[in-house]
Amino acid sequence: QVQLVESGGGLVQPGGSLRLSCAASGSISSIYFMAWYRQTPGNQREAVALISSGGSTTYADSVKGRFTISRDNDKNTRYLQMNSLKPEDTAVYYCNLRSQAGNYWGQGTQVTVSP
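Reference entry: report on the structure contained in this document. Predicted model, so just to flag it, every value in this text is computed and none were measured. (Residues numbered from 1 in each chain as written. Predicted model: local features only at pLDDT ≥ 70, side-chain atom pairs only at ≥ 80, totals over all residues. Heavy atoms only, no water.)

This next bit is on the pairing of strand β9 (residues 91-99). Residues in a regular strand point their side chains to alternate faces of the sheet. Counting buried positions along β9 gives seven out of nine residues, so the element sits mostly inside the fold. In this structure, strand β4 (residues 31-39) lies alongside β9, joined through eight bridges in antiparallel fashion. Within the sheet, the bridge partner assigned to Ala 35 lies in β9 and is Asn 96. With three bridges joining them, β9 and strand β11 (residues 109-113) adopt antiparallel strand pairing. (Buried < 20%, exposed > 50% of the residue type's maximum accessible area, 1.4 Å probe, protein only. Helix = DSSP H or I, 4+ residues; strand = E, 2+ residues; numbered from the N terminus. Pairing = 2+ DSSP bridges.)

Turning next to the pairing of strand β5 (residues 46-52). Looking at chain direction, β4 and β5 are connected through six bridges and run antiparallel. Each residue of the ladder has a partner; that of Trp 36, found in β5, is Ala 49. Taken together, β4 and the strand that follows it, β5, pair antiparallel across an intervening segment of six residues, in which Gly 42 is found at a positive phi of about 85 degrees. One ladder, built from three bridges, connects β5 with strand β6 (residues 57-59); its direction is antiparallel. Bridge pairing in β6 places Ile 51 opposite Thr 57. Hairpin connection from β5 to β6: four residues lie between these consecutive antiparallel strands, with Gly 55 at a positive phi of about 100 degrees.

To continue, consider the environment of Gly 54. You can see Gly 54 is positioned in the loop between β5 and β6. A relative accessible area of 69% means that Gly 54 is categorised as exposed. Remark: the alpha-carbon pair of Gly 54 and Phe 33, spanning 21 residues in sequence, is separated by 8.5 Å.

Shown next as structure tokens:
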């Protein structure tokens, strides 16, 4: 079993920055990739950024050039650095880890971008 715990959300003004963290624990092996998703009320969860086991990254068009996904394998932690935040980035952000053992989600962390 794998547990994912997100942190780092909060309230920030437009143009500001936040860094989300996702700490993984448990039986972690044979990871395919780790991703960040976000969801707003009434909408489906959408993928924001992904980092593969080999380190390659993929971003949604809406966040390219502003968000950066990274990892610290020693700490089993993944990060999402979010810069130049916009009100439309407001959402609950979830980390997701997919491995040979299964598909795991964190509990989510709220990000609110507002003046």
